[in-house]
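Residue-level listing of the chains:
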Amino acid sequence: MAMFERYLSIWVALAIAAGVILGLAAPGVATALAGLEYASVNLVVALLIWAMIYPMMVAVDFASIRDIGKKPKGLIITVVVNWLVKPFTMAALALLFFDYLYSGWIGEDDAQQYIAGLILLGAAPCTAMVFVWSQLTKGDPAYTLVQVSVNDLIMIVAFAPIVALLLGVTDIVVPWETLLLSVVLYVAFPLLAGWMTRRAIISRSADDTQAVDRFTARLKPFSILGLLATVVLLFAFQAETIVSRPVLIVLIAIPIIIQSYGIFAIAYAATWAWRVPHNIAAPCALIGTSNFFELAVAVAIGLFGLSSGAALATVVGVLVEVPVMLSLVALANRSRNRFAA
């Protein structure tokens, strides 16, 4: 798997192409798979993400969680960047591009819809895929779990007020089913399964750490295959939109990509300046860069409708996320030796 992982960006590019081809050649299959959802959470994608997350949950050493309070820097940066920087910079970029730079190409009404979609993305930092990016950067699994858990707790109380403030509307209805189901599927269930598996491994082995490492190493190929299968499905679901409106997709993607790299740079530089170890710094920077797209899409559809520009903007966020995040994972891995031990 070493060579396979080294060329992961190539396999992802092939998975993107395969997804678009599948969506165009067999739209019925893509539609049927897309319809397997509950509370805006696609159950097939959820299963694949679960497969990606599970190995990292096995690696979580629960005894080390109680010591995380002694290392608060990563948590402080996560909270500040995700909730005091990201939503407002995304809103500023959306206004800059759609109210000014794109004003000659996109009508005012449509522009406001796209701005709303981008704001929803900016106010919903990631939950599930962070575990995948953390695993690819050899992040501290226990610390990543705490970072994600704190993020989820803040999201419950802060998401609606921030969105209401930035959109200028007061009737934001948070889809609690989507939020809670995602937390259960992406955090609670894998964590419970990982804990049970770890206990079983340790009970049968004299060398706890090596036994767990051997077990997770055997699972890693399946985790990568789960990532590629997820990419195929996400692009298959949106293949028709990608082909029919490619220029619009690119226009919406540009501010999202700028935001992603900008937020990563802010958080990563802060962790470097504060001498945060790399296995905490990399997941810390990647959490704010990635998005909780299920929540953003669900709220966009609830507020503006399924065929709205806001819903389309949140979907574009889904499409650009994996390629952008993989490039940032590669950057984090190459810069590992610049961080404190």
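Scroll up to find the structure.
Values in this document were obtained by computation on a predicted structure and should not be read as measured data. (Residues numbered from 1 in each chain as written. Predicted model: local features only at pLDDT ≥ 70, side-chain atom pairs only at ≥ 80, totals over all residues. Heavy atoms only, no water.)

1. Details of helix α15 (residues 293–304)
Reasoning step 1: Taking 1.5 Å of rise per residue, the 12 residues of α15 would be expected to cover 16 Å, and the 16 Å separating its terminal C-alpha atoms lies within 8% of that figure.
Reasoning step 2: Taken together, the buried positions of α15 are Phe293, Glu294, Leu295, Ala296, Val297, Ala298, Val299 and Ala300.
Reasoning step 3: Looking at the buried positions of α15, the neighbouring elements they touch are α7 (108–122), α9 (141–167), α10 (176–203) and α16 (309–334).
Reasoning step 4: Positive phi shows up at Gly305, right after α15, with a value of about 105°. (Helix = DSSP H or I, 4+ residues; strand = E, 2+ residues; numbered from the N terminus. Expected span 1.5 Å × (residues − 1). Buried < 20%, exposed > 50% of the residue type's maximum accessible area, 1.4 Å probe, protein only. Contact = heavy atoms within 4.5 Å.)

2. Some thoughts on unusual backbone geometry
Reasoning step 1: A positive phi is found at Lys138, a non-glycine position, where the angle reads about 60°.
Reasoning step 2: By secondary structure assignment, the location of Lys138 is in the loop between α8 (129–136) and α9.
Reasoning step 3: A positive phi angle, close to 60°, is found at Arg275, a residue other than glycine.
Reasoning step 4: Positionally, Arg275 belongs in the loop between α13 (246–273) and α14 (278–289).

3. Notes on the environment of Leu326
Reasoning step 1: Residue position: Leu326 is located in helix α16.
Reasoning step 2: It is 9.0 Å that separates the C-alpha atoms of Leu326 and Leu136, two residues lying 190 residues apart in sequence.
Reasoning step 3: Apart from residues no more than four positions distant in its own chain, Leu326 is found in contact with Leu8, Val12, Trp133, Leu136 and Leu227.

4. Describing the side chain of Asn82
Reasoning step 1: By secondary structure assignment, the location of Asn82 is in helix α6 (residues 73–101).
Reasoning step 2: Polar side-chain contacts of Asn82 include one of 3.0 Å to the side chain of Asn151.
Reasoning step 3: Filtering out sequence-adjacent residues up to four positions away, Asn82 remains in contact with Pro87, Pro125, Asn151, Ile287 and Gly288. (Polar contact = N/O pair within 3.5 Å; in protein donor to acceptor, adjacent residues only side chain to side chain.)

5. Focus on the environment of Trp272
Reasoning step 1: Here Trp272 shows up in helix α13.
Reasoning step 2: For Trp272 and Val157, which are 115 residues apart along the polypeptide, the C-alpha to C-alpha distance reads 30 Å.
Reasoning step 3: Filtering out sequence-adjacent residues up to four positions away, Trp272 remains in contact with Arg338 and Phe339.

6. Topic: the side chain of Thr230
Reasoning step 1: The residue Thr230 is located in helix α11 (residues 208–237) in this model.
Reasoning step 2: In this structure, Thr230 is in contact with Val45, Leu48, Ile49 and Met52, ignoring residues within four places of it in sequence.

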